[in-house]
Structures are given as structure tokens and as C-alpha cells.
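# Summary of structural features
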Amino acid sequence: MRLHSSSPLVFLASMLPGLTAASGFDCAHIRVDGIEYDLSPLAGVHSLYHVEETEDVVVNTTYVLNICSPLKGAAIRGKAKCGTSKNICGFQETKFLDGSEDFEYAFPIVGLDPMGHGSIDPEITRLKQLDSAQEGLLVKLSGGEYREEPTKPDSKKAASAVIEFKCDPDRTGLEGLKDVKDDDEKQRRRAMKRDGDDDNDKDHGDDGNDEKDGDKDGKDDKDDKSRSLIFKSFGPGDDKSYVLKLDWKTKYACDNQVRDNKGSNSSSHWGFITWLIIIVFLCTAAYLIFGSWLNYNRYGARGWDLLPHGDTIRDIPYIFNDWIKRVINTVQGTGTRGGYSAV
């Protein structure tokens with residue numbers, strides 16, 4: 001049968017490649033070398049802070065990421081917009097020490113196109129393939145771009161992220177991660193100061209708090225050893241494209257994590273069945289004890305007569321024996337010749 005170009009089947013077939021490419025990175029169902037991993041507990045919008053200082057400028061960069069889904073509203077920080085369909089974005093603030101106007105620049109690192117098309121081309125490798133002493137996953141995600149000179153469109157380079165998920169049974173992976181809402185509030189306060197509202201803050205007595213926040217922001221997250229998610233570097237790689245490198249220590253990158261969770265779930269299920277058997281046993285025992293007490297006090301019963309429905313209980317072996325014989329006769333009866341035998 002020939003399919004015309006207007007056939008719905010042709011339309012769906014043409015759409016399948018695009019739908020598959022747009023599927024992105026499924027963090028909850030990862031299977032490498034026959035081993036399952038589930039990184040969905042690390043979902044959510046997280047941020048990292050990195051600062052670079054020279055004699056002329058100070059560059060503050062905040063990396064915002066969500067490995068399991070697009071950033072959506074978190075991809076907008078003040079006037080800087082990265083793209084709501086992105087998974088990882090960088091927000092760069094350049095402060096010139098000569099008094100020039102500060103410059104803000106947002107750039108996508110990982111994610112789909114604005115309409116949700118494209119692919120982040122996930123590449124997943126077990127760390128044991130690279131180093132037998134390491135346990136975890138090496139995940140590479142792409143789909144971003146970075147301008148070496150933000151004001152020049154022709155300086156655009158491809159951008160991607162390489163995240164090393166390292167097995168650490170003692171860490172969930174969420175230790176020390178910042179709340180993006182708190183970061184947005186600090187950005188708003190700094191913007192107010194730049195606009196000349198710092199005098200108003202002093203009148204309200206908030207200057208000291210902002211100063212403390214500023215000191216905290218001035219600390220590079222790369223130096224915070226208590227964090228599970230660590231910034232390593234961002235710069236051009238061998239192919240001249242820019243790569244964000246992160247380390248993420250978490251128990252969810254351990255090879256046996258999913259298997260152990262399934263085992264614990266089955267154990268809890270078996271525990272429910274055990275409790276059900278115990279409850280049925282206790283109810284049966286209570287019924288027999290109460291029934292025996294009632295028969296003793298009301299009728300003065302003794303022995304088997306104490307048990308409620310004692311006659312039925314005594315007849316159970318005979319009833320079961322008759323049932324077995326009936327089953328055997330039914331099965332054997334199909335091979336007889338109408339019940340007649342030769343004389």
C-alpha cells in the first residue's frame with residue numbers, strides 16, 4: 001500500500017526524530033554497562049558562585065543548573081536572560097576597577113532550543129572505565145554557546161558541561177547547595193546599591209546585613225569543601241569549545257544504590273505481609289479463646305465441645321480426605337470405558 005504525503009502515518013514518522021532528539025537527559029533512568037542509576041533526587045535549581053580577579057576587573061559568575069529539567073523562570077536573573085529551555089546557564093557580572101560601568105552577560109551552557117527542539121546529546125561513561133579505583137558516572141551535556149567577547153556575535157563558541165558524579169555513600173549530594181531564591185534576593189540588593197539606594201538601606205539599618213552577605217558572596221564556592229557540588233573550571237577545551245567542569249559527590253552515583261533501594265522496598269513489602277499474618281493469627285486466637293470461654297460458662301462444655309464449631313473442626317480431616325478422593329476419582333474417571341468392565 002502506498003502512503004500519500006498527506007497520510008497521518010507519514011506525518012508522525014517525520015516527527016519522531018525531532019521528538020526523540022528533544023527528549024534530553026532522563027536523570028531518573030540511567031543504564032550503563034547493565035547497571036541502573038537514578039539521579040532524580042538531585043533535581044531542582046541549584047547555583048554555584050565563582051570569582052576571578054585581575055588588576056583591572058573582577059568577574060563574578062553564577063552558574064545555575066537543573067540536571068533533570070529546564071530552568072524555566074530561574075534562567076532569568078534581573079535583566080540577564082539565558083533561555084527558559086536551558087538546563088545550565090551562566091550569569092557573568094564584570095566590575096571594572098577604573099570606575100567604568102559594570103557589564104552583565106548571560107550565556108547558556110546546556111539545554112534545548114527556545115522552542116524545545118534540538119538535543120543536549122548526553123554522553124554517559126562509568127568512571128571505572130577511566131579509573132578502576134573510581135566509582136560513579138561521567139556525564140557530558142551540550143546545547144549551549146558562549147561569546148568570548150559578549151558584545152561581538154561573531155565570537156560565539158559552542159558550550160557544554162562535563163559533570164563527574166562521584167560515589168560517596170555519606171552524601172546525598174545536596175549538602176551546601178544554595179537556594180536560588182536567596183541568591184536572587186542578594187542580586188536585587190546589589191542592584192539597589194548600584195542604583196544609589198544604599199543610603200536608604202543605611203537609614204533602615206540593613207547595611208550591616210548586606211555587607212555580611214557580600215562577604216559571603218565573595219567566597220568562591222570552589223573553596224568550600226563542605227559542598228557536595230564543586231566548581232572545577234570553565235574555559236576552552238581541545239576543540240576550542242567552552243566546557244564547564246563540575247564535581248558532584250553523591251550516594252546516588254554508587255553502583256549498588258538502585259539495587260539496594262529495590263531490596264529495601266521488597267523488605268518493607270515482606271514486613272507488611274508478616275504483619276498481616278500476625279494480625280490474622282491473633283484474631284483467630286482471640287475468636288477461639290472467647291468462644292471457648294463462652295461455651296464453658298454458658299453450657300459447661302468440656303474438651304472438644306469448648307471450641308466454637310467444634311464438630312466442624314473435628315470433621316476437617318475427614319472432609320479433606322473425602323475431597324482428595326473425589327479429585328482423584330474425577331481425574332481417573334476420564335480414562336474409563338463408561339463404567340463397564342469385561343466379564
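Residues numbered from 1 in each chain as written. Predicted model: local features only at pLDDT ≥ 70, side-chain atom pairs only at ≥ 80, totals over all residues. Heavy atoms only, no water.

## Regarding the side chain of Arg-126
Examined against the element boundaries, Arg-126 turns out to sit in strand β9 (residues 123–126). A polar atom in the side chain of Arg-126 sits 2.8 Å from the side chain of Asp-255. With sequence-adjacent residues up to four places away left out, Arg-126 is seen in contact with Val-32, Asp-33, Ile-35, Tyr-37, Gly-136, Leu-137 and Asp-255. (Helix = DSSP H or I, 4+ residues; strand = E, 2+ residues; numbered from the N terminus. Polar contact = N/O pair within 3.5 Å; in protein donor to acceptor, adjacent residues only side chain to side chain. Contact = heavy atoms within 4.5 Å.)

## Concerning the state of the cysteines
Under the criterion given, the structure shown has 3 disulfides. Sulfur-sulfur distance for the disulfide between Cys-27 and Cys-68 comes to 2.1 Å. The S-S bond linking Cys-27 to Cys-68 shows a torsion near 120°; that makes this disulfide right-handed. With Cys-27 in the loop between α1 (8–21) and β1 (30–32) and Cys-68 in the loop between β4 (57–65) and β5 (76–77), this residue pair connects regions lying 41 residues apart in the sequence. On the basis of relative accessible area, Cys-68 is assigned to the partly exposed category, the value being 22%. Disulfide partner of Cys-82: Cys-89, at an S-S distance of 1.9 Å. Negative torsions about the S-S bond denote left-handed disulfides, and the value of about -80° found for Cys-82 with Cys-89 makes this one left-handed. Take Cys-82: its relative accessible area is 10%, and that puts it in the buried class. (Disulfide = S-S within 2.5 Å. Buried < 20%, exposed > 50% of the residue type's maximum accessible area, 1.4 Å probe, protein only.)

## Comments concerning the nonpolar core
If you look at the biggest cluster of nonpolar residues, it comprises 37 residues, and the most contacted ones within it are Ile-109, Phe-165, Phe-234, Leu-244 and Trp-248. Going through the elements one at a time, β1, β2 (35–37), β4, β8 (103–111), β10 (136–147), β11 (156–167), β12 (229–236) and β13 (242–250) are the ones with two or more residues in this core. Not counting residues up to four positions away in its chain, the partners in contact with Phe-234 are Tyr-63, Phe-107, Ile-109, Tyr-146, Tyr-242, Val-243 and Leu-244. Formed by 9 residues, the second largest nonpolar core is a distinct cluster that contains Leu-71, Ala-80, Cys-82 and Cys-89. (Core = buried A, V, L, I, M, F, W, Y, C linked by side-chain atoms within 4.5 Å.)

## Examining the side chain of Asn-60
Inspection of the secondary structure assignment puts Asn-60 in strand β4. Its relative accessible area of 10% is what places Asn-60 among the buried residues. Of the polar contacts made by the side chain of Asn-60, one reaches the side chain of Tyr-49; its length is 3.0 Å. Apart from the residues lying within four places of it in its own chain, the contact partners of Asn-60 are Tyr-49, His-50, Val-51, Phe-91, Gln-92, Glu-93 and Lys-95.

## What to know about a nonpolar patch on the surface
There is a patch of nonpolar side chains on the surface, built from Phe-320, Trp-323, Ile-324, Val-327, Ile-328 and Val-331 and spanning about 570 Å² of accessible area. Mapping Ile-328 onto the fold places it in helix α7 (residues 310–332). Among the residues examined, Ile-328 registers a relative accessible area of 41% and is labelled partly exposed. (Patch = residues over 30% accessible without salt bridge, like charges linked within 9 Å, V, L, I, M, F, W, Y side chains within 5 Å. Areas by Shrake-Rupley, 256 points an atom, 1.4 Å probe, with all protein chains shown as cover. Salt bridge = Lys/Arg side-chain N within 4 Å of Asp/Glu carboxyl O.)

## Describing the confidence of the model for the chain
Model confidence for the chain is summarised by a mean pLDDT of 79, while 74% of its residues fall at 70 or above. Element-level mean pLDDT values for the chain span from 35 in α1 up to 96 in β13. For the stretch residues 1–23, pLDDT sits under 50, and the model shows 9 contacts to residues farther than four places along the chain or on other chains. Low confidence marks residues 197–217, where pLDDT is under 50. Its contacts with residues over four positions away, or in another chain, come to 20 contacts. (pLDDT = per-residue confidence, 0-100.)

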